[in-house]
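Each chain, letter by letter, is given below.
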Amino acid sequence: MTHHAQLELKHISYAPISLISESGGDILTDIQMTVRHGEWISILGMNGSGKSTLLKVAAGLIRQGVRGSLHRAGIGRDKPIPIVMQHPDAGLIGSTPWEDVVTLLERQGVPAEGIVPLAEQSLKNVGLINRMHQPLETLSGGQKQLVAIAGCLAAEAPILLLDEVTAMLDPGMTSIVCSHVRRLNQQGTTVLWITQRLEELMPSDRTLVMSEGRIVFDDSAGELFRRASSGEALGSPGELLGFEAPYAVKVAWELGAQGIELPYIPLTVNQLAEAVSWYER
Ligand SMILES: Nc1ncnc2c1ncn2[C@@H]1O[C@H](COP(=O)(O)OP(=O)(O)OP(=O)(O)O)[C@@H](O)[C@H]1O
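Just so it is clear, the model here is predicted, and its values are computed rather than measured.

S.K.: Explain the packing of helix α4 (residues 112–125) against helix α5 (residues 141–154) to me, and be specific about the residues and the numbers.
M.R.: Two elements in contact, α4 and α5, have axes whose closest approach is 8 Å; the angle formed by their N-to-C orientations is 135°. Between α4 and α5, the crossing angle belongs to the class labelled oblique. Where α4 crosses over α5, the handedness of that crossing is right-handed. The residues of α5 that touch α4, namely those facing L118, A119, S122, L123 and N125, are A150, L153 and A154.

S.K.: A description of the site of the ligand should follow, citing residues and the corresponding values.
M.R.: Residues in close proximity to the ligand total 12 residues, the closest being P16, N47, K51, S52 and T53. Within the residue set of the shell around the ligand, elements represented by two or more residues are α1 (17–21) and α2 (51–59). Tallied by class, the residues present in the shell around the ligand amount to three nonpolar, eight polar and one charged.

S.K.: Could you give an account of unusual backbone geometry, naming the residues involved and the relevant values?
M.R.: When glycine is set aside, most residues are seen to have a negative phi, and most peptide bonds are trans. At E156, a position not held by glycine, the phi torsion is positive, near 55°. Along the chain, the position of E156 falls in the loop between α5 and β6 (159–163). Even without a glycine there, the phi angle at E212 is positive, about 45°. As for its placement among the helices and strands, E212 is situated in the loop between β8 (206–211) and β9 (214–220).

S.K.: Go over helix α8 (residues 247–257) with me, naming the residues and quoting the values.
M.R.: It helps to recall that an α-helix has 3.6 residues per turn; residues three or four apart then point in one direction. Of the residues making up α8, those classed as buried are A248, V249 and A252. The buried residues of α8 occupy an angular sector of 100° when projected down its axis, which confines them to one face. Counted as exposed and oriented over 90 degrees from the buried face of α8: E254 and A257. Looking at the buried positions of α8, the neighbouring elements they touch are α9 (269–280). Two residues or fewer after α8 comes G259, characterised by a positive phi angle close to 90°.

Thresholds, definitions, all that
- Residues numbered from 1 in each chain as written.
- Predicted model: local features only at pLDDT ≥ 70, side-chain atom pairs only at ≥ 80, totals over all residues.
- Axes fitted to C-alpha atoms, helices over the stretch in contact; angles between N-to-C directions.
- Helix = DSSP H or I, 4+ residues; strand = E, 2+ residues; numbered from the N terminus.
- Parallel < 35°, antiparallel > 145°, perpendicular 65-115°, else oblique.
- Left-handed = near helix turned anticlockwise from the far one by under 90°.
- Contact = placed C-beta atoms within 7 Å.
- Near = placed C-beta within 6 Å.
- Nonpolar A, V, L, I, M, F, W, Y, C, P; charged D, E, K, R; others polar.
- Buried ≥ 20, exposed ≤ 12 C-beta atoms within 10 Å, placed from the backbone.
- Arc of directions from axis to C-beta.

Encoded structure:
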C-alpha cells in the first residue's frame, strides 16, 4: 500500500458568500488535515460544528469562499468526490440497485464495456449482488445506503465520504452498514466517517472532533477518554469537549483506579470484553 498523502487541507477557512456579505464569521477556521491513503478518519462534533461543511470542502463541492489550500495528490482529476448523505434516498437515481449504479456510471462517461463489470463488482462488495434487480422501495434504509456506497465504489471515488449515513437506521442495519464499510477500509479504501454516535468508533480510529468550525482534537478515539493518570482529576479531552463518556469507558476508568490498565480504552461493551480478555492473557 502506498502511503502518499491523498488529500491535504492547509489553513483552510471558509465563509459562504451570504455570510461574507453580512460580515459574519467563518464556518470553518484554519483547518489543517492530511488524509492518507487507506486511512479511516472518524469526524465527531455537535450539531452545527462544521462537520458537513468540512466534508464538502474536502470533496471539492464547495470552492467559492474557501481560503487556504487543498491538495489532492494521487487523486488525479479535479472533479468533486461524491458524498453519501444521511437520508437513504438522497443520492439515488435509479429504480433498482443495478439501474442506479449503471446510470451513475453512464452519467460519468465510463465507456460502455467497463460499466457492467464495475457495477457488478461494486454491488458484490457491499453484499447486494442478490438484490440488484429488486425495486429500491423494497429495500431497507441501510440497504439503500449500501447502494449509494456501491455507486461511489463503482465511480472509483478515491475516498469514501460518509456524512452520518447511519443516523436514520435502526441498530441492526447500522451495524451491517458499519461492518461493510469497515471491511472496505481493511481492503484499502480510505474512509471519512462523520458520526454523532461514539459506539460506531473503534478505539484505534483516528478521530477528529470539530467545534465551532475548528478541529479541536486529532488523535485515536480511545485517547478521547484518557484521563490524566496522576495529579488533579482533570477530565479527559472528550469530557472537556462535552461528550458523555460511554458505559465501557466508565468501567475502564474504574478498573484503572483499581490498578487494572486495559490495553486501550474501549467505547462499547464488546470492545470492553475484548480489552479485558487481552488483559487476562
Ligand atoms: N451556506 C451557508 N450559509 C450560511 N450558513 C451556513 C451555510 N452552510 C452551513 N452554514 C452554517 O454553518 C454551521 C456548520 O454547519 P454544518 O452543516 O457544517 O455543521 P454540522 O456539524 O455538519 O452539523 P449537523 O451535525 O447538524 O449536520 C451551521 O451553523 C450552519 O447553519
